[in-house]
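# Architecture at a glance
Next come the chains, spelled out residue by residue.
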Amino acid sequence: MFIRILTLLTLTLCYSALTFAQTQPKEGTAIVSGRVTLKGEPAGGVFVGLQPQQTAPGGMPSMPDRSQFAKVKTDAEGRFIFSGVNAGQYRIVALAPGFVSADDSPLYSGKLVNLADGETLETVELTLKRGAVITGRITDPTGKPIVEKYVQLTKMDARGNFVQVGVGGAQNPSTDDRGVYRIHSLPAGKYKVSFGYSQQDGLRAEMARLYHAQTFHPDTTDEKQARIIELSESSEATDVDIKVAETRKTYDISGRVVEVANGLPVAGVRIGYGTPAPNGGLSGTVTLMTVSDTQGEFQLQGVLPGKYVVFADSRYASQLSDIYSDQTPVEISDADVSGVEIKAHRGGSLSGVAVVEGTNDPAIVKQLSSMNLNLIYRASGDSVSGRSARPEANGSFRFSGLKPGKADIRAFTPPDGLKQIRVEYNGAPVTDGFDIQAGESLSNVRVVFGYGTGLIRGQVKILGGALPEGLNFSVMATMNGSSGSSFFVPVDTRQQFMVKNLPPGEYELKLRAYTQSGQPQLAKLMEFLNKHIQRVTVGNGETPADFTINLSQMEANR
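Presented here is a report on the structure given in the accompanying data block. (Residues numbered from 1 in each chain as written. Predicted model: local features only at pLDDT ≥ 70, side-chain atom pairs only at ≥ 80, totals over all residues. Heavy atoms only, no water.)

### Topic: the overall build of the protein
Assigned secondary structure in the protein consists of 3 helices and 45 strands. Excluding contacts between residues fewer than 6 apart, the proportion of contacts in the protein whose partners are at least 24 apart in sequence is 73%. For the protein, the computed accessible surface area is about 27800 Å², with 49% contributed by carbon and sulfur atoms. (Helix = DSSP H or I, 4+ residues; strand = E, 2+ residues; numbered from the N terminus. Contact = heavy atoms within 4.5 Å. Areas by Shrake-Rupley, 256 points an atom, 1.4 Å probe, with all protein chains shown as cover.)

### Points about the pairing of strand E28 (residues 337-346)
As judged from the 6 bridges shared by strand E21 (residues 251-259) and E28, these two strands associate in the parallel manner. In the sheet register, glycine 255 faces E28, and the bridge partner there is valine 340. (Pairing = 2+ DSSP bridges.)

### Examining the environment of proline 490
Mapped onto the elements, proline 490 comes out in strand E40 (residues 487-490). In this structure the C-alpha to C-alpha distance between proline 490 and arginine 512, which are 22 residues apart in sequence, comes to 9.1 Å.

### Some thoughts on the pairing of strand E23 (residues 282-291)
Pairing geometry for strand E22 (residues 270-276) and E23, over 6 bridges, is antiparallel. If you follow arginine 270 over to E23, its bridge partner there is valine 291. Here E22 folds back onto E23, and the loop between the two strands holds 5 residues, one of which, glycine 280, carries a positive phi near 90°.

### Description of the nonpolar core
Grouped together as the largest cluster of nonpolar side chains are 32 residues, with contacts concentrated most on Ile456, Val475, Phe497, Tyr507, Leu509 and Leu529. Taken together, the elements giving at least two residues each to this core come down to strand E38 (454-463), strand E39 (472-479), E40, strand E41 (496-502), strand E42 (505-514), helix H3 (522-529), strand E43 (533-538) and strand E45 (547-550). With 5 residues, H3 is the single largest residue contributor to this core. Once you skip the residues sitting within four places of it in the chain, isoleucine 456 turns out to touch Phe497, Met498, Val499, Leu502, Tyr507, Leu509, Val536, Val538, Thr543 and Ala545. (Core = buried A, V, L, I, M, F, W, Y, C linked by side-chain atoms within 4.5 Å. Buried < 20%, exposed > 50% of the residue type's maximum accessible area, 1.4 Å probe, protein only.)

### Some details on the sheet that holds strand E31 (residues 387-389)
Working definition: the strands of a sheet are paired by backbone hydrogen bonds and lie parallel or antiparallel to each other. Read across the open sheet, the 4 strands follow the order E31-E30-E33-E36; overall the sheet is antiparallel. Each edge of the sheet is formed by a strand with only one pairing partner; in this case those strands are E31 and strand E36 (434-436). Here the average twist between neighbouring strands, direction ignored, is 30°. Where strand E30 (residues 373-377) and strand E33 (residues 405-410) come together, 4 bridges link them in antiparallel fashion. For leucine 375, the partnering residue across the bridge sits in E33 and is isoleucine 409. (Axes fitted to C-alpha atoms, helices over the stretch in contact; angles between N-to-C directions.)

### Here we look at the packing of aromatic side chains
Summed over the entire model, instances satisfying the criterion amount to 5 aromatic pairs. Ring geometry for phenylalanine 80 against phenylalanine 82: centres 6.1 Å apart, planes inclined by 65°, an arrangement best described as edge-to-face. Summarising the aromatic geometry, the rings of phenylalanine 397 and phenylalanine 399 are spaced 5.7 Å apart at their centres and angled 65° between planes, so their arrangement reads as edge-to-face. Note on accessibility: phenylalanine 397 and phenylalanine 399 belong to one class, buried. In this structure, lysine 192 packs its charged tip against the face of phenylalanine 162, placed 4.4 Å from the ring centre. Between lysine 403 and the ring centre of tyrosine 377, over which it is positioned, the NZ or CZ distance is 5.7 Å. (Phe/Tyr/Trp six-rings, centres within 6.5 Å; stacked < 30°, edge-to-face > 60°. Lys NZ or Arg CZ within 6 Å of the ring centre and 35° of its normal.)

### Notes on the side chain of arginine 387
Within the secondary structure, arginine 387 is located in strand E31. In this structure the side chain of arginine 387 is engaged in a polar contact, spanning 2.9 Å, whose partner is the backbone oxygen of glycine 401. Beyond its immediate sequence surroundings of up to four residues, arginine 387 is in contact with Ser314, Arg315, Ile323, Tyr324, Leu373, Asn374, Leu375, Phe399, Ser400, Gly401 and Leu402. (Polar contact = N/O pair within 3.5 Å; in protein donor to acceptor, adjacent residues only side chain to side chain.)

### Regarding the sheet that holds E39
Spatial ordering of the open sheet is given by E40-E39-E42-E43, a layout of 4 strands whose pairing is antiparallel. Lying at the two open borders of the sheet, with one neighbouring strand each, are E40 and E43. Each strand of the sheet is rotated relative to its neighbour by a mean of 25°, with strand direction disregarded.

### Details of unusual backbone geometry
What you tend to see is this: most non-glycine residues have negative phi, and most peptide bonds are trans. Of the consecutive residues histidine 217 and proline 218, the connecting peptide bond is found in the cis state with omega at 5°. Take proline 218: it is sitting in the loop between strand E16 (215-216) and strand E17 (229-231). The phi dihedral of serine 185 is positive, around 60°, even though this residue is not glycine. Along the chain, the position of serine 185 falls in strand E13 (residues 180-186).

### Concerning H3
Buried within H3 are the following residues: Leu522, Leu525, Met526, Phe528 and Leu529. Considered in projection along H3, the buried side chains sweep an arc of 160° and stay on one side of the axis. (Arc of directions from axis to C-beta.)

### What about the pattern of salt bridges?
Any two side chains of opposite charge can pair, on the condition that their charged atoms come close. Within this structure, the stated rule accounts for 20 salt bridges. Arginine 178 is the salt-bridge partner of aspartate 176, the closest N and O atoms lying 2.7 Å from each other. Classification of arginine 178 as partly exposed rests on a relative accessible area of 48%. Across the pair glutamate 246 and arginine 248 runs a salt bridge whose closest N-O atoms are separated by 2.9 Å. Judged by its relative accessible area of 35%, glutamate 246 falls in the partly exposed class. Exposure remark for arginine 248: the relative accessible area of 25% places this residue in the partly exposed category. (Salt bridge = Lys/Arg side-chain N within 4 Å of Asp/Glu carboxyl O.)

### Considerations on the environment of valine 310
Mapped onto the elements, valine 310 comes out in strand E25 (residues 306-313). In sequence terms valine 310 and threonine 287 are 23 residues apart; their C-alpha atoms lie 9.9 Å from each other. Excluding residues that lie within four positions of it along the chain, valine 310 makes contacts with Ile253, Ile271, Gly272, Tyr273, Phe298, Leu300, Asp326, Gln327, Thr328, Val330 and Ile342.

This is the structure in structure tokens:
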């Protein structure tokens, strides 16, 4: 037994070493260093995190997971250094519990920097401020503590609206055994605290028989009557207590899933519900573990009063995954709803193969099976109608259970080095998506990815004035003649950007300005900025592409 275990361990270690050698990039040559300060003085002993920046499909930076940062600690002078860094785009954040960074914005935390091979960046300055605290106690209508439940925190934005905020320093802003909560590491601003659910919330997934009515501090169900808590740097708001107004019942939705074509029950599909949106789609969905039985029957428990649509979510079907369903309207007021019929249809399918152009390297081609292809329906807010498929080892894929409509195939986050450049059907480029008919099966589809080592590096240069605070940029790169996705990258704090791993070809670069400030006067400025376009030819080396913006020409160009 010992020999067998030792053999298995040896094989595992050998495989891990081989995998590590194959997947680990070469050691970087860039160096990043800087300083962290607090009230103008060096902040020693503070951890600084460095992580490659991820972007959402729309091009905005996504909030990184702080637990995944590479970390170093500042010395007595507040200085830090990262060496051996690969070229790329990184987020640098000071990680100090109880403090917030003055460099944070409503969109992201820390500072964004682009690094080139061999570059030494020594000027990163991170400024800390002591965070504020809100603490209080949550009790039920009888005065008993509400234990291990989350509180909700909203913060006033630049438009004067209160929006949900993440609580950076308090990963779990929940009550303890006394009903006491404490939320720390908050930036200065105006806040509201609440607990419980409103009928307008619509969605929840606790499946409880009772729920607490949403109550704001101090003890009101009317948000307009909620007390605004104004926090300054390092302040602490205490006794922000809430006594929940009342406990209300939840209700059940029960019914049956039947296939329209034959009237037979549909078993083994998960049931979901969502809140209808004005555009005909869904503003949110909850897909529970409720699955239709052999008679197609289902029951959703613990649903708040409100207006919903109920559907069979065949993305998670154990059987008959080739179906999709209509959305059945349901309204709950003060009683269970029964007899709901969800109508299912046999859907269409779309199948083909994902391929790579520009290389025959098996290690690169193998990466296709590690990503998801997404089928996106146009002009639809219904996220349930979309589908996701992961290519097999040979690149083959299949989408099934498709409803009629116009849809595109997109790989939003392909593996590093691969870019989707076009989609083909029967050998011809698809430039306007697929028209999926009822029950139709389309095959011989090719999703073509390009591989290259091209790099576009540039800077946004501002002349004739200064940009207002809170205005940020991203750059959208589109390969000419391509029916694939555009590539979005944010512009960093030095107004630099880079688009890497590009296949050779002609590209169009468009500047995209964005902000959350909501200032009306920025609309004209953003319109002017977004008119700036660059066209470049990319090979397998580096291509420069600067945007030079003369703000004094804004009125002349209108």
